[in-house]
Amino acid sequence: MQKNHFELFGLPARFSIDLQALDQLYRKIQSEVHPDRFAAASSAERLKSMQLATEANEAYQILKNPTSRARHLLQLQGIDTHEDSNTAMPADFLMLQMEWREAIEEASAASDIDALDNLLSETRKTARQLQQQLHALLDQPDAIAAAAETVRKLSFIDKVQADIGHAINKLQDA
Amino acid sequence: MALLQIAEPGMSTAPHQHKLAVGIDLGTTNSLVATVRSSMSTVLHDEEGHALLPSVVHYRADGSIEVGYAAQAQQSHDPHNTIVSAKRFMGRGLKDIGDTVQLPYQFIDTPGMVQIQTRAGIKSPVEVSAEILKVLKQRAEHALGGELAGAVITVPAYFDDAQRQATKDAARLAGLNVLRLLNEPTAAAVAYGLDNAAEGVYVIYDLGGGTFDVSVLRLSKGVFEVLATNGDSALGGDDFDRRIFCWMLEEAKLSPISPEDTRQLLTKSREAKEWLTDHAEARITSLLKNGELVDLTLTSSKLKELSQHLIAKTLAPIRKALRDAGLSIDEVKGVVMVGGATRMPQVRHAVADFFGQDPLTNLDPDKVVALGAAIQANVLAGNRGEDDLLLLDVIPLSLGLETMGGLAERIIPRNATLPVARAQDFTTFKDGQTAMSIHVVQGERELVSDCRSLARFELRGIPPMAAGAARIRVTFQVDADGLLSVSAREQTSGVEAHIVVKPSYGLSEDEIINMLETSFKSAETDKQARALQEARVESQRLLEAIAAALAKDGALLSANEKQTINEKMQALSELAKTEDSHAIHDAVEALNRATEEFAARRMDASVKQALAGQNLKTLEL
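Treat the numbers as computed from the prediction; the structure is a model and nothing was measured.

**Student:** So what exactly am I meant to see when it comes to the overall build of chain B here?
**Tutor:** Helices and strands together make up the secondary structure of chain B, namely 14 helices and 27 strands. Expressed as a percentage of the 621 residues in chain B, the buried residues total 53%. Here the contacts in chain B between residues at least 6 apart in sequence split such that 65% fall between residues at least 24 apart. For chain B, the exposed surface amounts to about 27,900 Å²; the carbon and sulfur share of it is 50%.

**Student:** Honestly, helix α14 (residues 596-612) of chain B in this entry has me stumped. Any pointers?
**Tutor:** Each α-helix turn comprises 3.6 residues. Residues three or four places apart therefore point the same way. Its 17 residues give α14(B) an end-to-end C-alpha distance of 24 Å, which sits within 8% of 24 Å, the value for a rise of 1.5 Å per residue. Taken as a whole, α14(B) has its buried residues at F598(B), A599(B), A600(B), R602(B), M603(B), S606(B), V607(B), A610(B) and L611(B).

**Student:** Sorry if this is basic, but what is going on with the pairing of strand β26 (residues 484-490) of chain B here?
**Tutor:** In the case of a regular strand, side chains alternate between the two sheet surfaces. Residue and element names in this part refer to chain B. Of all seven residues making up β26, five are buried, and the element is well covered by its neighbours. As defined by bridge partners, strand β25 (residues 472-478) adjoins β26 across seven bridges and the pair is classed as antiparallel. Among the inter-strand pairings, R473 is bridged to a residue of β26, identified as R489. Linking β25 back to β26 in an antiparallel pair, the connection comprises five residues, with G482 at a positive phi of about 80°.

**Student:** Sorry if this is basic, but what is going on with the packing of aromatic side chains here?
**Tutor:** The relation between two aromatic rings is expressed through the spacing of the ring centres and the mutual angle of the planes. Under the definition given, this model contains eight aromatic pairs over all chains. Where Y26(A) meets Y60(A), the ring centres are 3.8 Å apart and the plane angle is 5°; that geometry is what we call stacked. You can see Y26(A) sitting in helix α2 (residues 19-33) and its partner Y60(A) sitting in helix α3 (residues 43-64), a full 34 residues away along the chain. There is no split in this pair, since Y26(A) and Y60(A) are both buried. Measuring from ring centre to ring centre gives 6.2 Å for F89(B) and Y105(B), while their planes differ by 80°; the resulting arrangement is edge-to-face. Note that F89(B) is positioned in the loop between β7 (82-84) and β8 (106-108) and Y105(B) in the loop between β7 and β8, a separation of 16 residues in sequence. The class for F89(B) is buried, based on a relative accessible area of 1%.

**Student:** Can you walk me through the packing of helix α5 (residues 91-109) of chain A against helix α6 (residues 113-139) of chain A in this structure?
**Tutor:** A packed helix pair is summarised by two numbers, namely the angle formed by the two axes and the spacing between the axes. All names here are of chain A. In contact at an axis separation of 9 Å, α5 and α6 are set at 160° when each is read in the N-to-C sense. Classed by the angle they form, the pair α5 and α6 counts as roughly antiparallel. Our pair here, α5 against α6, has a crossing hand that is left-handed. In this structure, α5 contributes L96, W100, A103, I104 and A107 to the contact, and α6 contributes A115, L116, L119, E122, T123 and T126.

**Student:** Help me understand the sheet that holds β8(B), please; the structure alone is not making it clear to me.
**Tutor:** Backbone hydrogen bonds are what pair the strands of a sheet, in a parallel or an antiparallel way. All names here are of chain B. An order of β8-β9-β10 is seen for the three strands of this open sheet, with the pairing classed as antiparallel. Because the sheet does not close on itself, it has two edges, and the strands there are β8 and β10 (121-123). Geometrically, the sheet is characterised by an average inter-axis angle of 35° between neighbouring strands, direction not taken into account. Pairing geometry for β8 and strand β9 (residues 115-118), over three bridges, is antiparallel.

**Student:** Help me out: how do you make sense of a negative patch on the surface in this one?
**Tutor:** All names here are of chain A. A grouping of E99, E102, E105, E106 and E122 is seen on the molecular surface, where their side chains present a negatively charged patch. Element by element, the count of residues in the negative patch is highest for α5, at four residues. Residue position: E105 is located in helix α5. For E105, a relative accessible area of 62% corresponds to the exposed category.

Calculation rules
- Residues numbered from 1 in each chain as written.
- Chains lettered and ligands numbered in written order.
- Predicted model: local features only at pLDDT ≥ 70, side-chain atom pairs only at ≥ 80, totals over all residues.
- Heavy atoms only, no water.
- Helix = DSSP H or I, 4+ residues; strand = E, 2+ residues; numbered from the N terminus.
- Buried < 20%, exposed > 50% of the residue type's maximum accessible area, 1.4 Å probe, protein only.
- Contact = heavy atoms within 4.5 Å.
- Areas by Shrake-Rupley, 256 points an atom, 1.4 Å probe, with all protein chains shown as cover.
- Expected span 1.5 Å × (residues − 1).
- Pairing = 2+ DSSP bridges.
- Phe/Tyr/Trp six-rings, centres within 6.5 Å; stacked < 30°, edge-to-face > 60°.
- Axes fitted to C-alpha atoms, helices over the stretch in contact; angles between N-to-C directions.
- Parallel < 35°, antiparallel > 145°, perpendicular 65-115°, else oblique.
- Left-handed = near helix turned anticlockwise from the far one by under 90°.
- Patch = residues over 30% accessible without salt bridge, like charges linked within 9 Å, V, L, I, M, F, W, Y side chains within 5 Å.
- Salt bridge = Lys/Arg side-chain N within 4 Å of Asp/Glu carboxyl O.
- Lys, Arg positive; Asp, Glu negative; His and termini not counted.
- Charge placed at Lys NZ, Arg CZ, Asp CG, Glu CD.

Laid out in C-alpha cells, this is it:
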C-alpha cells in the first residue's frame, strides 16, 4: 500500500500545491510531534514522536520537490515510473543529455566555474519547462505515460545537476 | 482575581515544578555551563568568578585529578599527564589524528578510538571528557542548589556518529542525564536569534579551538530550520597556534625540542595570537630547558600570511553549504561569528569580504553556544510554554552501506532533516547464501575505504534461495541527537538483525559499565544502591510524564483503559518504595507498554488539532 503523503498535511493530492502553505503546515505538524516536545515523556511517547516526526520529514521532502511530488502522484495512481530500468528516451532529449555531459567535462578540464554555473541555470530552465508540462499531463487520465516519461526526464536532470554541483565543488576545493 | 490552586493531598505537584536543566558547551579549549534563570540565559561561574573552564585534565602524582586552570598551569611541567584538547580525539582512531608527533602524549592505538597512557593508567578521551563534565555538573548543582534534571550538550555540527556517541558516553560517565546533543552552530543561532528577534537566512561561522562548522539556517517565528551544514572536524584555533609554533621553530632555528618546551611554546603561540587581536605586533620570549632563549617578534601581517591557508580552508565548506541549501550569497541576511578564534581580525576580514557584509559579533563568541544550549535545555525539560522555539536540525554526513566492489551506496543523504529513516532493499549474490555482512559507513566519498566505518554486523539464518531471490531490507533510523540505529530484515522469512551503531568503534557497553564501576570504586552494595537510585529516578520521571498526559488528554481514553493505566501506575509507585530495582524496572516497562496506544492517540489528536486551525482556503491554489 502506497502511503498518501498529501493526507498528512490535509492537502489535495495534485501537482499544483501552495509551497508556502506546505512550509507552514510542515512546521505546524513538527511543532506538535517533534521529539523535542517529548524529551521528558514516557518512552512510548518518545518512540511515537520519533516515528511521526520522521514521517512528516519524509512527506515534506517528497512534496516539496517537484520531481518526487510528481512521482508520488503517479505512484498513488498505481504507476511506477521505472526510473532504474526504463532508460529509453526520445532522441532529442538524449542529445541534450550528451551535450550537457560534454559541457561538464570541458568546463571541468578548463577549470571554468562560471561555465558550470551557466550550465546549472540552463538545466534549471529545462526542468521548469518540464514541470510546466506536468501540470497539464498529470490532470489528464490518458496522459499518464507521457507524465511518467516527463518524471524520468526530470530525474535525469536532477542527476546532471548533482554532477555539476560535484564538479564545482572539486574545482573550488582545488 | 486569580484563584489559588490547592493540590489534592498526596498528589505530586512535580509536573509544574521548575526543573533544573543546563546547557553545556564541551569545547576543545574551554568548556562552559549555562542555565536559564528568571527567563534569562546566563553562564554559571566557578567560585573564583571564572565563566570558562579550560578543557584540561591533569592526572596528579598523588592520584587526584585536577581540571581547568589548575590543570592548565601544569601542562608545561607535566605534559604527558596533562591532557588538553581531548575533544580532538573523541571517537577517533590514531590514523585520524594528523600530527601526533607534535603532541606530548603516549598514544595507544586501540581499535576505533585512540587511548592515552597516563600515570593514572590508560585513559580514553571519553574518560578525560567525563572529568570536565563532572566539574561543570558540580558547578551547576552548587550554583542552582539541587540535582540536575538534565543537560543539553553541544557538539560540532560536523561531528560524525562515532564522535557524537563518544560525547554521549562521556556525559553518562559523568552522571548527566542527556536531554539532547545539540549542534553548536544551531545553539548559537538560538541564542542570537532569540536575542535579536531575527528572521530570514543566517549563516553561523563557528571556528572553535579544534573544529570548524558552518550552518545555514532559516529563522522564522521561533522555528530554527537548518538548511545545510558543512565543516571540518579537525580545523580550529589550535591550528593557528601550531602555525605560529612552526614559524618560531624555523625563525629561531630550534633543533628537536622536549615535550615540555613544545607545550610552553604552543602556549606562547596562543598568547601571541590573542595579543595580536588588538595590537600590531607581539613579542615572544621563552627560556628553553637547555638554557636557550627564544626572543621573536610576530607582526600582524606575518600572522595574516601564516594563517591565510587555514582561513581559506574555511571558505570551501561555506560554499558547499550554500550550494546544498540552494542559496546564493546575496540571500544571506546575516553572518554570526562563534568561537574564540573568530576574534582574530584576519578571520573577520576574510568573512566580511566573502559575504560582502560585516559579520555579527554582538554576542560573546565564547559564550553564545552555551547560552543557546541552556535555552534548549530549558525547553526540553518542559519549563517553557508549548508553542515557542522549535529546532529542525540535519545530519551532517551521508550514511550508506558497502556494496560489491567496495563502493558506498548512499542511503541517507547529508543535510536530511532529523529524525530521518530510510530503507533500501538488497539481495544475495550467490545461490544458497545464508548470511549477509552489513557494513555501515559515513561520508561523501564513493569508495568505502575513503569513508568512516561505523559498524559491521551480520544478518544470519537467511533461508537458502537462488542468488537474487532474497529480499533484505536494511533500515537506517537517525534520531534527533543525530545517532544512528540500523536494522536488517529478510522479507520472505522475517529473519531480523538490529544494532544501535556502536560496536566497531569506541567503547562497548561493557567497557562503559566497567568505567562507571571503577570511577565510583564502589563495593557491591553501592552498585546495587546506584541501580536502585537509577530505577527510582526513571519511575518517577515516567509517573510524572503520564500524570501530565492524563491530566491533559485523559478524555481520549475509555473508563476501562484509564483504570488499567491507573492500576499500573499505582503498582509502580508502590514498587518504587521497595528495594528491588529489577521489579521497578519491569513495572516501568509494563507501564510503558500499557500507554503505547494512549501515546499514539494523543499524538494523532494533536496533529489533527494543529491542522484544524488552518484556514483551508489558503491551501487551495
